[in-house]
Amino acid sequence: MARKETVTKQMILDAAFEMAGTNGYREVTARKLASHIGCSTQPIFRVFTNMEELQGEYTDRVVSFFEQFYQQYPRKYAEPFVDLGMAYIAFAARESHYFEMLFLTGERMGKSLYDILNGTSGNVVREIRKAQEAGCKNAEDLFMRMWIFIHGAACMTITGDYDLTDEATAKLLIDTYHSYAGM
């Protein structure tokens, strides 16, 4: 009779996801993960060939977590890119370790920042289309200009250098949109 596995793949992924969110993805090492689970490293390497394979799987989970966060974020503004920006900045503030992992490193397991942001639902594409429908002549360029502001604000949130209220942030995003939309 085969021995029953006590440490499952799901347990390992859950623990890696939790550790990445609490301590940052750099802290997810085989030894620390094993300690967190309460086992040796053997069950981890029985399930995963190496740490890169494990990182790829929990990165996919963090990407899904961001997409779910964005989908559930309240939509309040008619102007394109404003709700997307508000959600992105809020994600940086509330989930700083996941934000860093996805948007501030090159270690996204082959996923581009754009791919993560666009998600499986076409979040960016939808906003670009919305800007085009509102009469914006170069919506892709508008997105890039808006994105530089949005990403900068999110990064400032992580470092503690951004203390604007949601209302002030929304006003800045709306003003930025209108200043560039006619270009």
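Refer to the structure presented above.
Residues numbered from 1 in each chain as written. Predicted model: local features only at pLDDT ≥ 70, side-chain atom pairs only at ≥ 80, totals over all residues. Heavy atoms only, no water.

1. As for the overall build of the chain
Next up, step 1: A tally of helices and strands in the chain yields 10 helices and 0 strands.
Next up, step 2: Written out in order from the N terminus, the α and β elements of the chain read α-α-α-α-α-α-α-α-α-α.
Next up, step 3: Taking the principal axes of the C-alpha coordinates as reference, the chain spans close to 70 × 30 × 25 Å.
Next up, step 4: Across the 183 residues of the chain, 43% fall into the buried class.
Next up, step 5: Contacts in the chain between residues far apart in sequence, at least 24 positions, make up 66% of those at least 6 positions apart.
Next up, step 6: In the chain, 19 positive and 24 negative side-chain charges are present, and the distance between their average locations comes to 4 Å. (Helix = DSSP H or I, 4+ residues; strand = E, 2+ residues; numbered from the N terminus. Buried < 20%, exposed > 50% of the residue type's maximum accessible area, 1.4 Å probe, protein only. Contact = heavy atoms within 4.5 Å. Lys, Arg positive; Asp, Glu negative; His and termini not counted. Charge placed at Lys NZ, Arg CZ, Asp CG, Glu CD.)

2. Re the packing of aromatic side chains
Next up, step 1: Within the structure shown, the criterion is met by 14 aromatic pairs.
Next up, step 2: Relative to Tyr 98, the ring of Phe 17 has its centre 4.8 Å away and its plane inclined at 25°; by these criteria the two rings are stacked. Placement of the pair is Phe 17 in helix H1 (residues 9-23) and Tyr 98 in helix H6 (residues 96-103), with a sequence separation of 81 residues.
Next up, step 3: With a relative accessible area of 4%, Tyr 98 lands in the buried category.
Next up, step 4: Where Phe 66 meets Phe 103, the ring centres are 5.2 Å apart and the plane angle is 75°; that geometry is what we call edge-to-face. A residue pair is termed long-range when its members are at least 10 positions apart, and Phe 66 in helix H4 (residues 51-72) and Phe 103 in helix H6 qualify at 37 residues.
Next up, step 5: Residue Phe 103 is classed as buried on the basis of its relative accessible area, which comes to 3%.
Next up, step 6: The ring of Phe 17 has Arg 61 sitting right over it, with the charged end atom 4.3 Å from the ring centre.
Next up, step 7: Sitting above the plane of the Tyr 70 ring, Arg 75 keeps its charged end 4.2 Å from the centroid. (Phe/Tyr/Trp six-rings, centres within 6.5 Å; stacked < 30°, edge-to-face > 60°. Lys NZ or Arg CZ within 6 Å of the ring centre and 35° of its normal.)

3. A few points about helix H10 (residues 166-181)
Next up, step 1: Between its terminal C-alpha atoms H10 stretches 22 Å, which fits the 22 Å expected from 16 residues at 1.5 Å a residue.
Next up, step 2: Along H10, the residues that are buried comprise Thr 169, Ala 170, Leu 173, Ile 174, Thr 176, Tyr 177 and Ala 181. For H10, the angular spread of buried residues about the axis comes to 160°, placing them on one side. Relative to its buried face, H10 has exposed residues pointing more than 90 degrees away, namely Glu 167 and Lys 171.
Next up, step 3: Buried residues along H10 sit against helix H5 (82-94), helix H8 (123-133) and helix H9 (139-159). (Expected span 1.5 Å × (residues − 1). Arc of directions from axis to C-beta.)

4. Looking at unusual backbone geometry
Next up, step 1: At Phe 81, a residue that is not glycine, the phi angle is positive and equals roughly 75°.
Next up, step 2: Residue position: Phe 81 is located in the loop between H4 and H5.
Next up, step 3: For Phe 81, a relative accessible area of 1% gives the class buried.

5. Observations regarding the nonpolar core
Next up, step 1: Counting residues in hydrophobic clusters, the biggest one holds 60 residues, and the most contacted among them are Leu 54, Tyr 58, Phe 66, Tyr 88 and Phe 103.
Next up, step 2: Residue contributions to this core peak at 9 residues, all from H5. (Core = buried A, V, L, I, M, F, W, Y, C linked by side-chain atoms within 4.5 Å.)

6. Some words on H4
Next up, step 1: A rise of 1.5 Å per residue sets the reference length of H4, with its 22 residues, at 32 Å; its end C-alpha atoms lie 31 Å apart and thus fit the reference within 8%.
Next up, step 2: Three or more residues of H4 are buried, namely Met 51, Leu 54, Gln 55, Gly 56, Tyr 58, Thr 59, Val 62, Val 63, Phe 66, Glu 67, Phe 69 and Tyr 70.
Next up, step 3: Measuring from the side-chain oxygen of the N-cap residue of H4 to the backbone nitrogen of Glu 52 gives 3.1 Å; that N-cap residue is Asn 50. (Polar contact = N/O pair within 3.5 Å; in protein donor to acceptor, adjacent residues only side chain to side chain.)

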